[in-house]
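Survey of secondary and tertiary structure
As a plain string of letters, each chain reads:
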Amino acid sequence: MNRPPRLIESLQNPQFKLWESLLESRGLKKQGKFLLAGLKTVPEALARWPERFSTVLFADPTQIDGWSLPAHIDPVQLAPALFRTLDASGTGFPLLVGGVPEMPLVDLSQPPHGLELVCALGDPNNLGALLRSAAAFNARRVILLEGAAHPFHPKCLRAASNAQFELTLLRGGRWDDLKGAVGPMVALDAGGADMAAFPWPRDVRLVLGEEGQGIPDDLPVRRLSIPTTGAVESLNATVAASVALFSYFTSIR
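Below is a summary of the structure that appears in this document. Worth saying up front: this structure is predicted, and the values here are computed from it rather than measured.

1. Points about the packing of aromatic side chains
If you walk through the whole model with that rule in mind, you get eleven aromatic pairs. Centre to centre, the rings of Phe53 and Phe165 are 5.9 Å apart; their planes meet at 80°, and the pair counts as edge-to-face. In this pair, Phe53 is assigned in strand E3 (residues 53-58) and Phe165 in the loop between helix H6 (154-160) and strand E8 (168-171), connecting sequence segments 112 residues apart. Take Phe53 and Phe165: they sit in the same class, and that class is buried. Taking 5.7 Å as the distance between ring centres and 50° as the angle between the ring planes, the aromatic pair formed by Phe137 and Phe249 counts as tilted. Of this pair, Phe137 sits in the loop between helix H5 (124-136) and strand E7 (141-144) while Phe249 is found in helix H8 (residues 237-252), placing the two residues 112 residues apart along the sequence. Note on Phe249: relative accessible area 21%, which makes it partly exposed. A connected cluster of aromatic rings, assembled from ring pairs, spans Phe34, Trp49, Phe53, Phe152 and Phe165.

Here's what the structure looks like:
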């Protein structure tokens, strides 16, 4: 460790209360910060994107012995009970405090560049898993519709395994805003054309609705279905989207 840490022991400490608020979407939006946890994700993020973080939190200073912290990252020791409160996933490993990046409103009057994912998933676990697949299959731009989970919610961060830092995240407004979007759009629909025979355009938006609700009937998209055995009624939305992402990725390589 480069320098002695500050010590926070009180539940009423204003800085601690700010960090505690980051466990919920409301606090994330208000404070513009997030907490990153994970035995693998924290060291990786610190090594690859140190500029995104301002503070490292821990209960035991020996855990960061030997860490070469950049000068701008503040080491803070928390009383064990306080640390456990912030360590919602129970890793016991140091946490990073980062800044939520600006997520500008997408300009749908411009055509897509490559594969752009349009998403309305409200469950942070499902959104995190989807972001991980998006990064894996080179969908670099993700457009989050109104009602989508916060991409820096602790559950979303855990499921995404640092995928957020590989992606450009944009706000997409409401479903009606998509109706005038320029460029091709496709969506997954059990009654759509067979995706296995679909010639993917290089520049396209893939639209994914909320789990169980799908997308509006009047949305002007090309609807595709994933061929299956029929043994189950449908695939999980995140699984189905990952199959579509893979299909696009392999078709344009």
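Now, onward.
2. Some details on the pairing of strand E4 (residues 74-78)
The buried fraction of E4 amounts to four of the five residues, a majority that puts the element mostly inside the structure. As paired elements, strand E1 (residues 6-8) and E4 share three bridges and run parallel to each other. Bridge pairing links Ile8 to Leu78 in E4. The sheet contact formed by E3 and E4 spans four bridges and is parallel. Across the sheet, the residue bridging to Val56 is Pro75, located in E4.

3. Focus: the sheet that holds E7
Strand order across the open sheet formed by six strands is E8-E7-E6-E10-E9-E11, with parallel pairing between neighbours. Strand pairing shows two members of the sheet lacking a second neighbour, E8 and strand E11 (222-225), which therefore form its edges. Mean inter-strand twist for the sheet, computed between neighbouring axes without regard to direction, equals 35°. With five bridges connecting them, strand E6 (residues 115-119) and strand E10 (residues 204-208) associate as parallel partners. Its bridge partner lying in E10, Leu115 is registered against Val204. Running at roughly 175° to E6, H5 makes contact with E6, E7, E8 and E10 of the sheet. Lying on the sheet, H8 is in contact with E6, strand E9 (185-194) and E10; it crosses E10 at an angle near 165°.

4. Considering unusual backbone geometry
Negative phi is the rule for most residues except glycine; trans is the rule for most peptide bonds. At Asn138, a residue that is not glycine, the phi angle is positive and equals roughly 70°. Structurally, the position occupied by Asn138 is in the loop between H5 and E7. Accessibility expressed as a relative area gives 40% for Asn138, which makes it partly exposed. At Ser161, a residue that is not glycine, the phi angle is positive and equals roughly 55°.

5. Topic: helix H1 (residues 14-21)
Of the residues making up H1, those classed as buried are Phe16, Leu18 and Trp19. Buried positions in H1, seen along its axis, are confined to an arc of 160° and lie on one side of it. Of the residues that open H1, the one with a side-chain oxygen 2.9 Å from the backbone nitrogen of Gln15 is Asn13.

Criteria and cut-off values
Residues numbered from 1 in each chain as written. Predicted model: local features only at pLDDT ≥ 70, side-chain atom pairs only at ≥ 80, totals over all residues. Heavy atoms only, no water. Phe/Tyr/Trp six-rings, centres within 6.5 Å; stacked < 30°, edge-to-face > 60°. Helix = DSSP H or I, 4+ residues; strand = E, 2+ residues; numbered from the N terminus. Buried < 20%, exposed > 50% of the residue type's maximum accessible area, 1.4 Å probe, protein only. Pairing = 2+ DSSP bridges. Axes fitted to C-alpha atoms, helices over the stretch in contact; angles between N-to-C directions. Contact = heavy atoms within 4.5 Å. Arc of directions from axis to C-beta. Polar contact = N/O pair within 3.5 Å; in protein donor to acceptor, adjacent residues only side chain to side chain.

Structural measurements only, silent on function.
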